[in-house]
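Structural description and commentary
Listed here are the chains, written in short residue letters.
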Amino acid sequence: MTFHIITIFPNLFESYLSDSIMKRAIIRKDISVKFYNPRDFTKSKHNKVDDIPYGGGPGMVMMADPIIAAWKKARGVKRRAVAQVKGEKKNYKTVILSPGGKEFTTAYAKQSAKKYTDIIIICGRYEGIDARVKKFLGRQADEVSIGNYVLTGGELAAMVMIDSISRQIPGVLGNASSLEESRVSSHEVYTRPEVLEETGKKYRVPPVLLSGNHKLIDEWRKDR
Ligand code: 6GU
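If you're wondering where the values come from, they're calculated on a predicted model, not measured in any experiment. (Residues numbered from 1 in each chain as written. Predicted model: local features only at pLDDT ≥ 70, side-chain atom pairs only at ≥ 80, totals over all residues. Heavy atoms only, no water.)

Further remarks concern the environment of Ile-96. For Ile-96, the location among the structural elements is in strand β5 (residues 92–103). Not counting residues up to four positions away in its chain, the partners in contact with Ile-96 are Ile-122, Ile-129, Lys-134, Leu-137, Ala-141, Asp-142, Glu-143 and Val-144. (Helix = DSSP H or I, 4+ residues; strand = E, 2+ residues; numbered from the N terminus. Contact = heavy atoms within 4.5 Å.)

Pasting the structure below:
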């Protein structure tokens with residue numbers, strides 16, 4: 001999976017992608033992440049990427065042209081030609097991140113990991129992106145939000161999507177069974193020590209987990 005990130009703040013992604021599971025996924029080439037800064041695609045003298053809204057109101061609006069130019073680079077005709085020569089079948093999706101979009105879910109992450117080879121993610125600031133970007137992209141783009149709260153920009157949301165989609169890609173998680181969503185956070189988990197002594201109190205691991213009886217353990221887990 002290749003993630004193409006359109007953002008004016010690519011540095012925000014550095015630490016998250018350079019450690020732990022995302023780092024390993026990139027080294028293994030299970031995923032790759034590329035950046036396109038609208039500021040590098042401006043036609044104006046001062047590399048302007050935002051301007052005041054028509055009709056008035058607070059805040060700035062991201063200009064359509066630099067974003068569309070960055071998107072064209074990400075979607076590149078040249079890359080497609082290379083893919084065709086190699087006989088690869090590319091399948092692109094574009095996501096416009098916006099607090100008003102449809103909610104991002106594990107189901108969306110699973111589908112995306114299965115269906116697409118390339119996902120282009122456009123990060124806006126919360127005042128918004130000129131609506132003509134969405135009009136230009138039409139049905140090839142989804143407008144997506146990661147939850148019912150407002151962030152200052154789409155970059156955190158993009159990282160959430162990269163993480164959540166990547167862990168659905170075979171090989172990204174070391175252990176395939178870790179992928180089972182039902183196992184994630186559904187029941188209590190324990191590790192050593194068997195008895196944790198803290199501030200005069202003893203906290204024990206439930207005896208069933210020490211029993212070695214996997215039928216009983218599975219039943220216990222269903223109830224948690
Ligand atoms: Cl995608 N963007 C912003 N700015 N805020 C959000 C969001 C996206 N999803 C939830 N809040």
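That shown, we press on.
Attention shifts here to the site of the ligand. In the vicinity of the ligand there are 12 residues, among which Ser-145, Ile-146, Gly-147, Tyr-149 and Leu-151 approach most closely. Here a nitrogen atom of the ligand sits 3.0 Å away from a polar atom, N or O, in the main chain of Leu-151. Protein burial of the ligand: of its 290 Å² of free accessible surface, 99% is covered by the chains. Listed by contribution, the elements that provide at least two residues to the shell around the ligand are β5 and β7 (141–145). Tallying contributions element by element places β5 first for the shell around the ligand, with 3 residues. When its residues are assigned to classes, the shell around the ligand shows 8 nonpolar, 4 polar and no charged. (Near = heavy atom within 4 Å. Polar contact = N/O pair within 3.5 Å; in protein donor to acceptor, adjacent residues only side chain to side chain. Areas by Shrake-Rupley, 256 points an atom, 1.4 Å probe, with all protein chains shown as cover. Nonpolar A, V, L, I, M, F, W, Y, C, P; charged D, E, K, R; others polar.)

What follows deals with the pairing of strand β8 (residues 195–198). Both faces of the sheet carry side chains from a regular strand, because those side chains alternate between them. Pairing of β8 with strand β9 (residues 201–204), which is carried by 4 bridges, proceeds in the antiparallel orientation. Its bridge partner lying in β9, Leu-196 is registered against Tyr-203. Adjacent in sequence and paired antiparallel, β8 and β9 are bridged by 2 residues, among which Thr-199 carries a positive phi angle near 50°. (Pairing = 2+ DSSP bridges.)

Looking at where Asp-50 falls in the secondary structure, it is placed in strand β3 (residues 50–51). A distance of 2.9 Å separates the side chain of Asp-50 from the side chain of Arg-125, its partner in a polar contact. Excluding anything up to four places from it in sequence, Asp-50 contacts Met-60, Val-61, Met-62, Met-63 and Arg-125.

Our focus in this paragraph is unusual backbone geometry. The omega torsion of the bond from Arg-192 to Pro-193 falls at 10°, within 30 degrees of zero and hence cis. Assignment of secondary structure puts Pro-193 in the loop between α7 (155–166) and β8. In this model, Lys-29 sits at a positive phi of 65°, which is unusual for a non-glycine residue. Tracing the chain through its elements places Lys-29 in the loop between α2 (20–27) and β2 (32–36).

Further remarks concern the pattern of salt bridges. Scanning all chains against the criterion turns up 11 salt bridges. Asp-50 is paired through a salt bridge with Arg-125; the nearest N and O atoms lie 2.9 Å apart. With Asp-50 in strand β3 and Arg-125 in the loop between β6 (118–122) and α6 (132–137), this pair connects stretches of sequence that are 75 residues apart. Classification of Arg-125 by relative accessible area gives partly exposed; the value is 28%. One network of salt bridges, in which partners are shared, links Lys-86, Glu-88, Lys-90 and Asp-118. (Salt bridge = Lys/Arg side-chain N within 4 Å of Asp/Glu carboxyl O. Buried < 20%, exposed > 50% of the residue type's maximum accessible area, 1.4 Å probe, protein only.)

To continue, consider the sheet that holds β5. With parallel pairing, the 5 strands of this open sheet are ordered in space as β2-β1-β6-β5-β7. The sheet is open, and its two edges are formed by β2 and β7, each paired on a single side. Recorded for the sheet is a direction-independent mean angle of 30° between the axes of neighbouring strands. Two strands pair when backbone bridges link them, and strand β1 (residues 2–6) and β2 are joined in this way by 5 bridges, in the parallel orientation. Considered in β2, the bridge of Phe-3 is made with Val-33. Sheet strands in contact with helix α3 (residues 64–75) are β1, β2, β5 and β6, and its direction is about 165° off that of β6. (Axes fitted to C-alpha atoms, helices over the stretch in contact; angles between N-to-C directions.)

In total, this model carries 3 aromatic pairs according to the counting rule given. Ring centres of Trp-71 and Phe-136 lie 5.7 Å apart, and the angle between their planes is 90°; on these two criteria the pair is classed as edge-to-face. Of this pair, Trp-71 sits in helix α3 while Phe-136 is found in helix α6, placing the two residues 65 residues apart along the sequence. For the cation-ring pair, Arg-75 lies above Tyr-92, with the distance from its terminal atom to the ring centre recorded as 4.0 Å. (Phe/Tyr/Trp six-rings, centres within 6.5 Å; stacked < 30°, edge-to-face > 60°. Lys NZ or Arg CZ within 6 Å of the ring centre and 35° of its normal.)

Let's shift gears to the packing of helix α5 (residues 106–115) against α7. It is the contact of α5 with α7, at a shortest axis distance of 8 Å, that shows an interaxial angle of 70°. As the angle between them shows, α5 and α7 are arranged roughly perpendicular. Between α5 and α7 the crossing geometry is right-handed. From α5, Tyr-108, Ala-109, Ser-112 and Ala-113 reach across to α7, where they touch Met-161, Ser-164 and Ile-165. Split into classes, the residues belonging to the contact of α5 with α7 amount to 5 nonpolar, 2 polar and no charged. (Parallel < 35°, antiparallel > 145°, perpendicular 65-115°, else oblique. Left-handed = near helix turned anticlockwise from the far one by under 90°.)

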